[in-house]
Amino acid sequence: MNMPQITDRAALLRNRSRAEPDALFLQDHAADALQERLNEVNRTFKSIAVVTGFPDFWRARFPDATIVADDEMLDLQPQAHDLVLHAMCLHWANDPVGQLVQSRHALKPDGLLLCTFLGGQTLHELRTSLAEAEAEVTGGLSPRIAPMGEIRDLGGLLQRAGFAMPVADSNALNVSYANAFHLMHDLRKMGENNALTQRIKHTTRRATLIKASQIYAEHFRNADNRVDATFEIITLTGWAPSDTQQQPLRPGSAQARLADALGTIETPLNRSND
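What counts, and at which threshold
- Residues numbered from 1 in each chain as written.
- Predicted model: local features only at pLDDT ≥ 70, side-chain atom pairs only at ≥ 80, totals over all residues.
- Heavy atoms only, no water.
- Buried < 20%, exposed > 50% of the residue type's maximum accessible area, 1.4 Å probe, protein only.
- Helix = DSSP H or I, 4+ residues; strand = E, 2+ residues; numbered from the N terminus.
- Arc of directions from axis to C-beta.
- Polar contact = N/O pair within 3.5 Å; in protein donor to acceptor, adjacent residues only side chain to side chain.
- Pairing = 2+ DSSP bridges.
- Right-handed = clockwise from strand over helix to strand, strands pointing away.
- Salt bridge = Lys/Arg side-chain N within 4 Å of Asp/Glu carboxyl O.
- Axes fitted to C-alpha atoms, helices over the stretch in contact; angles between N-to-C directions.
- Core = buried A, V, L, I, M, F, W, Y, C linked by side-chain atoms within 4.5 Å.
- Contact = heavy atoms within 4.5 Å.
- Phe/Tyr/Trp six-rings, centres within 6.5 Å; stacked < 30°, edge-to-face > 60°.
- Parallel < 35°, antiparallel > 145°, perpendicular 65-115°, else oblique.
- Nonpolar A, V, L, I, M, F, W, Y, C, P; charged D, E, K, R; others polar.
- Left-handed = near helix turned anticlockwise from the far one by under 90°.

Participant: Summarise helix 7 (residues 180-189); cite the residues concerned and give the values.
Facilitator: Looking only at helix 7, the buried set comprises Ala180, Leu183, Met184, Asp186 and Leu187. Looking down the long axis of helix 7, one finds its buried residues gathered within 160 degrees of arc, a one-sided arrangement. Its side-chain oxygen placed 3.0 Å from the backbone nitrogen of phenylalanine 181, asparagine 179 serves as the N-cap of helix 7.

Structure follows, in structure tokens:
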């Protein structure tokens with residue numbers, strides 16, 4: 001069965017090609033966060049791959065890594081790497097589980113995946129303002145911001161992809177702008193503007209954008225008379241399965257009773273009413 005094509009890959013690549021290097025603060029933030037996590041791991045990685053839509057940026061940050069485009073089929077060799085960084089692009093993937101599965105196959109046993117991308121709370125202010133404005137001005141709604149995963153659902157993606165010891169966590173990056181127009185202009189500069197397959201193909205009415213900016217300022221203005229924008233950064237951590245990893249005990253194999261450890265009396269379960 002073919003996966004639904006939520007993202008228009010041609011439009012996404014076109015948007016990225018127009019990105020300006022000095023506007024890639026989201027990539028910069030993600031790279032710093034990933035480096036901090038790697039510093040906390042007591043291991044030296046000798047064969048690193050980075051999956052990214054911004055190869056020049058990530059090549060500069062990880063010069064010894066193999067840089068791989070975030071195509072539907074990743075150019076990764078089986079068990080070739082001990083570390084895969086899937087860097088700020090999973091939110092545009094038409095098949096996110098497939099991306100994770102391919103990343104796992106590229107890892108040696110006990111290899112590490114760090115996958116960072118935008119989560120479901122990203123730009124909730126802009127999404128709300130545009131939806132309300134469009135409904136008022138045109139009487140309808142059109143897809144404008146990519147559907148992004150919620151943190152409560154994302155840990156399961158790693159399990160589905162076959163990773164051991166899966167962890168998902170979230171960090172909110174709050175940025176302020178003079179107004180909604182400055183935010184939308186910045187999204188274009190960072191290559192994160194609308195690339196949805198179902199997006200409207202004509203220019204948005206100016207009346208809609210003006211109304212959205214007014215709604216945005218009314219509901220999300222901060223104490224500095226600017227507007228706030230949220231970027232939720234999700235990070236998934238998982239390990240390729242290995243016989244050397246700690247394994248859960250079989251049920252009933254414990255050598256000590258919990259009641260003894262707690263110093264309490266164990267009460268048998270009453271099943272008379274079953």
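Participant: So what's going on with the pairing of strand 4 (residues 107-118)? Residues and values would help.
Facilitator: Within strand 4, ten of the twelve residues are buried, which leaves it mostly tucked inside the rest of the structure. Bridge count for strand 3 (residues 81-87) against strand 4 is six bridges, and the pairing is parallel. Looking at the pairing, histidine 81 lines up with leucine 107 of strand 4. The parallel pair strand 3 and strand 4 is bridged by helix 4 (residues 96-105), and the resulting crossover is right-handed.

Participant: Give a detailed account of the pattern of salt bridges, specifying residues and quantitative values.
Facilitator: Oppositely charged side chains can pair when the atoms bearing their charge come close. Following the criterion strictly, the structure yields nine salt bridges and no others. Aspartate 32 is the salt-bridge partner of arginine 61, the closest N and O atoms lying 2.6 Å from each other. Highlighted residues: arginine 61 in helix 3 (residues 55-61) and aspartate 32 in helix 2 (residues 25-40), separated in sequence by 29 residues. Taking the shortest distance from any N to any O, the salt bridge between arginine 37 and aspartate 169 comes out at 2.5 Å. One end of the pair, arginine 37, is in helix 2; the other, aspartate 169, is in strand 5 (residues 164-177), and 132 residues separate them in sequence. Given a relative accessible area of 23%, aspartate 169 falls into the partly exposed group. When salt bridges with common partners are traced through the structure, they connect Arg9, Arg16, Asp70 and Asp71 into a single cluster.

Participant: Explain the sheet that holds strand 2 (residues 66-69) residue by residue, including any values.
Facilitator: If you walk across this open sheet you meet the six strands as 2-1-3-4-6-5, and the pairing is mixed. Either end of the sheet is taken by a strand with one partner, and the two such strands are strand 2 and strand 5. If you compare each strand with its neighbour and ignore which way they point, the axes differ by 15 degrees on average. Here strand 1 (residues 48-52) pairs with strand 3 via five bridges, running parallel.

Participant: Please provide a residue-by-residue account of the nonpolar core, values included.
Facilitator: Side chains that are nonpolar tend, in soluble globular proteins, to be buried together. Counting residues in hydrophobic clusters, the biggest one holds 46 residues, and the most contacted among them are Val50, Trp58, Leu126, Tyr177, Leu183, Tyr216 and Phe231. Ranked by residues supplied to this core, first place goes to helix 8 (residues 206-220) with six residues. Look past the residues within four positions of tyrosine 177 in its chain and what remains in contact with it is Phe25, His182, Leu183, Asp186, Met190, Arg226, Val227, Ala229 and Phe231.

Participant: Explain the packing of aromatic side chains residue by residue, including any values.
Facilitator: To describe a pair of aromatic rings, you give the distance between the ring centres and the angle between the ring planes. By the definition in use, this model includes four aromatic pairs. Ring geometry for phenylalanine 25 against phenylalanine 231: centres 6.0 Å apart, planes inclined by 85 degrees, an arrangement best described as edge-to-face. Linking phenylalanine 25 in helix 2 with phenylalanine 231 in strand 6 (residues 227-239), this pair joins segments that are 206 residues apart in sequence. Both rings, one in tyrosine 216 and one in phenylalanine 220, keep their centres 5.4 Å apart while their planes meet at 70 degrees; by these two values the pair is edge-to-face.

Participant: Pulling in residues and values, what's your account of the packing of helix 7 against helix 8?
Facilitator: Two elements in contact, helix 7 and helix 8, have axes whose closest approach is 9 Å; the angle formed by their N-to-C orientations is 110 degrees. The angle between helix 7 and helix 8 places the two elements in the roughly perpendicular class. Across the interface between the two elements, Ala180, Phe181, Leu183 and Met184 of helix 7 pack against Leu209, Ile210, Ser213 and Tyr216 of helix 8. Within the contact of helix 7 with helix 8, the residues separate by chemical class into seven nonpolar, one polar and no charged.

Participant: So, the packing of helix 5 (residues 124-137) against helix 8: which residues are in play, and what are the values?
Facilitator: Between helix 5 and helix 8, the shortest axis-to-axis distance is 8 Å and the interhelical angle comes to 130 degrees. One finds that helix 5 runs oblique with respect to helix 8. The handedness of the crossing between helix 5 and helix 8 comes out as right-handed. Residue-level contacts link His124, Glu125, Leu126, Ser129, Leu130, Glu132, Ala133, Glu134, Glu136 and Val137 of helix 5 to Ala207, Thr208, Leu209, Lys211, Ala212, Ile215, Tyr216, His219 and Phe220 of helix 8. Here the residues of the contact of helix 5 with helix 8 are counted per class, giving ten nonpolar, four polar and five charged.

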